Amino acid sequence: MEFKVEVSDGDARACTIKTAHSEIKTPVFMPVGTVGSVKALDAKDMEELLGAKIILANTYHMYLRPGDEIVKEFGGLHGFTTCNQSFLTDSGGFQAFSLSDISKADENGIKFKSHIDGSPHYFTPEKVLDIEYNLNSDIMMILDDLIALPASKERVKLSIERTFNWAKRSIEYHKKMREIEENSKQNIFAIIQGGVDKEFRRISAEGLVGLEDFDGYAIGGLSVGESNSEMYDIVSYTTPFMPKDKPRYLMGVGTPEDIVECIERGVDMFDCVMPTRNARNGTLFTSYGKVNIKSGRYKLIDEPIDKECDCYTCKRYSLGYIHHLFKAKEITYYRLASLHNLHYYLNLVKEARVAIVDKKFDEFKKNFYFKRVK
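Source: prediction; values computed, not measured.

Cut-offs used in this document
Residues numbered from 1 in each chain as written. Predicted model: local features only at pLDDT ≥ 70, side-chain atom pairs only at ≥ 80, totals over all residues. Heavy atoms only, no water. Buried < 20%, exposed > 50% of the residue type's maximum accessible area, 1.4 Å probe, protein only. Helix = DSSP H or I, 4+ residues; strand = E, 2+ residues; numbered from the N terminus. Pairing = 2+ DSSP bridges. Right-handed = clockwise from strand over helix to strand, strands pointing away. Axes fitted to C-alpha atoms, helices over the stretch in contact; angles between N-to-C directions. Parallel < 35°, antiparallel > 145°, perpendicular 65-115°, else oblique. Left-handed = near helix turned anticlockwise from the far one by under 90°. Contact = heavy atoms within 4.5 Å. Nonpolar A, V, L, I, M, F, W, Y, C, P; charged D, E, K, R; others polar.

**So, the pairing of strand S12 (residues 216–219)**
- Residues Gly216 and Ala218 of S12 are buried on one face, and the alternating residues Tyr217 and Ile219, pointing to the opposite face, are buried as well.
- Bridge analysis of strand S11 (residues 187–192) against S12 gives four bridges, and the strand direction is parallel. In the strand pairing of S12, Ile191 is matched with Ala218.
- A crossover links S11 with its parallel partner S12, the connecting element being helix H8 (residues 198–210), and its sense is right-handed.
- Summarising the sheet, S12 and strand S13 (residues 248–250) pair through three bridges and their orientation is parallel. Across the sheet, Tyr217 pairs through a bridge with Arg248, a residue of S13.
- Each parallel crossover has a hand, and the one from S12 via helix H9 (residues 228–238) to S13 is right-handed.

**Re the packing of helix H10 (residues 256–264) against helix H14 (residues 331–357)**
- Where H10 contacts H14, the axes come no closer than 11 Å and their chain directions differ by 25 degrees. With respect to each other, H10 and H14 are oriented roughly parallel. Viewed along their axes, H10 and H14 form a crossing whose handedness is right-handed. The residues of H14 that touch H10, namely those facing Pro256, Ile259, Val260 and Ile263, are Tyr344, Tyr345, Leu348, Val349, Ala352 and Ile356.
- Broken down by class, the residue content of the contact of H10 with H14 amounts to ten nonpolar, no polar and no charged.

**Some points on the environment of Gly282**
- Residue position: Gly282 is located in the loop between helix H11 (274–280) and strand S15 (283–286).
- By relative accessible area, Gly282 is classed as buried at 0%.
- Each C-alpha atom, one on Gly282 and one on His323, is 8.9 Å from the other, the two residues being 41 residues apart in sequence.
- Filtering out sequence-adjacent residues up to four positions away, Gly282 remains in contact with Val291, Asn292, Ile293, Lys294, Phe326 and Tyr333.

**Quick look at the sheet that holds strand S8 (residues 110–113)**
- Spatially, the three strands line up as an open sheet ordered S7-S8-S9, and their pairing is antiparallel. Among the strands making up the open sheet, the edge pair consists of strand S7 (103–105) and strand S9 (120–123). Each strand of the sheet is rotated relative to its neighbour by a mean of 15 degrees, with strand direction disregarded.
- Bridge analysis of S8 against S9 gives four bridges, and the strand direction is antiparallel. Opposite Phe112, over in S9, you have His121 as the bridge partner.

**Regarding unusual backbone geometry**
- Residue Pro150 is bonded to the preceding Leu149 through a cis peptide linkage, with omega at 0 degrees.
- Inspection of the secondary structure puts Pro150 in the loop between strand S10 (139–141) and helix H7 (153–180).
- Omega for the peptide link from Val253 to Gly254 comes to -5 degrees, which places this bond in the cis form.
- Among the structural elements, Gly254 can be located in the loop between S13 and H10.
- The phi angle at Thr82 is positive, at roughly 60 degrees, despite the residue not being glycine.
- You can see Thr82 is positioned in the loop between helix H4 (76–81) and strand S6 (86–90).

Encoded structure:
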């Protein structure tokens, strides 16, 4: 992987990441394709209509169904999905956290039961990487110990200790496997934990950065119960401990406001299910805030969802038609709404990049909020 910081404006950064499959301009938002598919959309939608250069798929879900060995037979995620852009794979740590009633972490990994059939499984740091090797993702996230907030100091301390130990095992295993697969172009990211405790965040970041051989670093364990102000404060505190010459990824965040705030704090990469999940539930993002398409007020409006938007949906269809599709529970609604919301997110980070390059990020941020209160 090649990484270059091109321009900084304050702490906000415009960078370029080059993987084996795409050139990614940051700040970047990664659409979430949990099971190898961004819900309601296909590879053509992602590549041609949205221009997405990197997509997130999930190790836990792909391992359980259809199985990472099957994906490998199709040539990894790129061959299986026919999407030839970059893929980042999450490690499964979040799923163990979100399915905590059927999972249990110990010093060596995470025991869990399949949410599909109840069968028992065990993820170790090495096992997760083996799955990701089969998936052939461009960026592999390592196994970490994610906890809900608020949490006791004892539990947060255990989390960062486990995360560090698993990271050490992961990087050692990855280096050993790269000696066997010399032509591999897969990259590996570590995940900083520590809850909202600054001292634990510092310890976690310094420990992981000290391992040196990771290709990038993520901030994990946020947007899991803490307030927005706490999240922003922890991001501001943590990013200075992360290498300037490697990508910085904030996992699972978030709203448009979260993304703008955290770009300002030095984050390069984001992912979240919010654009597609909200689309399916009737909430559409616009330059001027949210539209609740369920409302009857849109029944007769012959205008696009957002007059400033040039997405496929806004260029072709009216609010009245989108409202009708939602009320009729027409499957087409999910595609058109998801295309719009993802375009909004991808365009937001694209505009942020332009502002950084032009040294006008403060102006961009002020305008972003000004539109929302008009």
